Amino acid sequence: MSNCEQCIVRQFSALKALNKDELVKLAACKTSHIIKKGAPLFEEGESVNGIYCVTSGVCKMSKLSSNGKDQIVKLIKAGELIGQRSLISDEPANLTAVALEDMEVCFIPKSEVLSLFDANNQFSMNLMKTVCGDLKETSDHMVSISQKTVKERLAETLIYLEETFGKNEDGSLHIQLSREELAGMVSTATESCIRLLSDFNKLGLIELHGKKITIIDSNKLKRIAD
């Protein structure tokens, strides 16, 4: 996507603070990439050296826990930026980013982002707000883990997946996570996640078809989540 002015990422991210001249400069230095489903954008411990603008597709941001399990910290959709925390803190990536479906991304080099940082106060403020928002999400998630049951967290996650990423034509959740990935998002063992999904299925709250999950009664799920 060559036109940064019309880009979805600009509408929803810190880039909306940039003026026309800055966007022209940005368009000249960015590189566009197709990331295939299952491929990493970068891995934990790598130097990212810039930020990624997600123009289409979804990726998971995950961390390898001490027991070797992949813990999904958050999902990123079109219109969002990836890599701003590493850029501001000048540290390697603390998470791994892997495409959950084919993605289109644009990469903006660190030197270009930092020059915008110096020239445009509103842009730098927006970027800082995004990082602060990520920190708030993390602390909210930690509170949820300590205060909610696994059943409540699973219901909350299923509602989040439907409301944020939508449904396929057959009504199933658009984002299809493996049972291990879903368990990682909920912070529980895979066996517990499978058992609870089976319970929700028996109660008529969801339907399971292989990896696919279809929400049948979102109101009851929301009541469980709250």
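Given the structure is predicted, the values throughout are model-derived calculations rather than measurements.

J.: Before we move on, could you go through the overall build of the protein and cite the residues and values that matter?
T.: Check the secondary structure of the protein and you find 9 helices and 10 strands. Against the compact-globule benchmark of 17 Å for 226 residues, the protein has a radius of gyration of 19 Å, which places it among compact chains. Accessible surface, the protein: about 11,700 Å² in total, of which carbon and sulfur atoms supply 52%. For the protein, the centre of its 28 positive side-chain charges and the centre of its 31 negative side-chain charges are spaced 3 Å apart.

J.: So, the UniProt feature "domain: Cyclic nucleotide-binding" (unreviewed entry) in the protein: which residues are in play, and what are the values?
T.: Here, UniProt's "domain: Cyclic nucleotide-binding" (unreviewed entry) annotation points to residues 14-117. This span, residues 14-117, is 23% helix and 39% strand, and a straight line between its end C-alpha atoms measures 11 Å.

J.: An account of the UniProt feature "domain: HTH crp-type" (unreviewed entry) in the protein is needed here, citing residue identities and associated values.
T.: When the UniProt feature table is mapped to this numbering, "domain: HTH crp-type" (unreviewed entry) covers residues 148-219. As annotated, residues 148-219 has a helix share of 54% and a strand share of 11%, and its two end C-alpha atoms lie 18 Å apart.

J.: Run through the sheet that holds strand 2 (residues 40-42), naming residues and quoting values.
T.: Strand order in the open sheet formed by 4 strands is 2-7-4-5, and the pairing between neighbours is antiparallel. Looking at the sheet topology across the chains shown, the edges are occupied by strand 2 and strand 5 (70-76). Mean inter-strand twist for the sheet, computed between neighbouring axes without regard to direction, equals 30°. Where strand 4 (residues 59-64) lies against strand 5, 6 bridges are found, and the strand directions are antiparallel. Counted as the bridge partner of Leu 64 is Asp 70 from strand 5.

J.: Please give an account of the side chain of Thr 157 that cites residues and values.
T.: As for its position among the elements, Thr 157 is in helix 6 (residues 150-165). On the basis of relative accessible area, Thr 157 is assigned to the buried category, the value being 9%. Once residues within four sequence positions are removed from consideration, Thr 157 is found in contact with Leu 182, Met 185 and Val 186.

J.: An account of the domain arrangement of the protein is requested, with residue identities and associated values reported.
T.: In terms of domains, the protein is made up of domain 1 (9-145) and domain 2 (148-225). In this assembly, 13 residues from domain 1 lie in contact with 16 residues from domain 2. Between domain 1 and domain 2, roughly 1,200 Å² of surface is buried when both sides are summed, and carbon and sulfur atoms account for 54% of that area. Of all residues in domain 1, the largest losses of buried area upon contact with domain 2 belong to Ile 72, Leu 75 and Ser 144, amounting jointly to 39% of the total for that side. In this assembly, domain 1 and domain 2 are joined by 1 salt bridge. Ionic pairing is found between Lys 60 and Glu 181, a salt bridge with its closest N-O pair at 2.8 Å. Our enumeration of links across domain 1 and domain 2 arrives at 4 residue pairs in polar contact (both at pLDDT 80 or more).

J.: How would you summarise the packing of helix 6 against helix 7 (residues 179-186) if you had to cite specific residues and measurements?
T.: At a minimum axis separation of 9 Å, helix 6 and helix 7 run at an interaxial angle of 110°. Relative to helix 7, the element helix 6 lies roughly perpendicular. In this structure, helix 6 meets helix 7 at a crossing whose hand is right-handed. Each of Val 150, Arg 153, Leu 154, Thr 157, Leu 158, Tyr 160 and Leu 161 in helix 6 lies in contact with helix 7, whose residues at this interface are Leu 182, Met 185 and Val 186. For the contact of helix 6 with helix 7, the class distribution of residues is 8 nonpolar, 1 polar and 1 charged.

J.: Describe the environment of Ser 198, listing the residues and the values that go with them.
T.: Among the structural elements, Ser 198 can be located in helix 8 (residues 190-202). Linking Ser 198 and Leu 208, residues 10 residues apart in sequence, is a C-alpha distance of 8.2 Å.

J.: Tell me about unusual backbone geometry, and name the residues and values.
T.: Residues other than glycine seldom take positive phi values, yet Asp 90 does so here, at roughly 60°. Structurally, the position occupied by Asp 90 is in the loop between helix 3 (84-89) and strand 7 (96-99).

J.: Just give me the short version of the packing of aromatic side chains, but keep the residues and values in it.
T.: Enumeration according to the criterion identifies 4 aromatic pairs in this entry. When the ring of Tyr 52 is compared with that of Phe 107, the centres are 4.9 Å apart and the planes differ by 55°; the resulting orientation is tilted. Placement of Tyr 52 in strand 3 (residues 50-56) and of Phe 107 in strand 8 (residues 103-109) is noted, with a sequence separation of 55 residues between them. Judged on exposure class, the residue Tyr 52 and its partner Phe 107 are both buried. With a centroid separation of 5.8 Å and 90° between ring planes, the pair formed by Tyr 160 and Phe 165 is classed as edge-to-face. Aromatic ring contacts, followed pair by pair, group Phe 42, Tyr 52 and Phe 107 into a single cluster.

Cut-off values and rules
- Residues numbered from 1 in each chain as written.
- Predicted model: local features only at pLDDT ≥ 70, side-chain atom pairs only at ≥ 80, totals over all residues.
- Heavy atoms only, no water.
- Helix = DSSP H or I, 4+ residues; strand = E, 2+ residues; numbered from the N terminus.
- Rg over C-alpha atoms; globule rule 2.2 N^0.38 Å.
- Areas by Shrake-Rupley, 256 points an atom, 1.4 Å probe, with all protein chains shown as cover.
- Lys, Arg positive; Asp, Glu negative; His and termini not counted.
- Charge placed at Lys NZ, Arg CZ, Asp CG, Glu CD.
- UniProt positions renumbered as here; feature names shortened; annotations may be inferred.
- Pairing = 2+ DSSP bridges.
- Axes fitted to C-alpha atoms, helices over the stretch in contact; angles between N-to-C directions.
- Buried < 20%, exposed > 50% of the residue type's maximum accessible area, 1.4 Å probe, protein only.
- Contact = heavy atoms within 4.5 Å.
- Domains from an automatic or database assignment.
- Buried area = accessible area lost by both parts, 1.4 Å probe.
- Salt bridge = Lys/Arg side-chain N within 4 Å of Asp/Glu carboxyl O.
- Polar contact = N/O pair within 3.5 Å; in protein donor to acceptor, adjacent residues only side chain to side chain.
- Parallel < 35°, antiparallel > 145°, perpendicular 65-115°, else oblique.
- Left-handed = near helix turned anticlockwise from the far one by under 90°.
- Nonpolar A, V, L, I, M, F, W, Y, C, P; charged D, E, K, R; others polar.
- Phe/Tyr/Trp six-rings, centres within 6.5 Å; stacked < 30°, edge-to-face > 60°.

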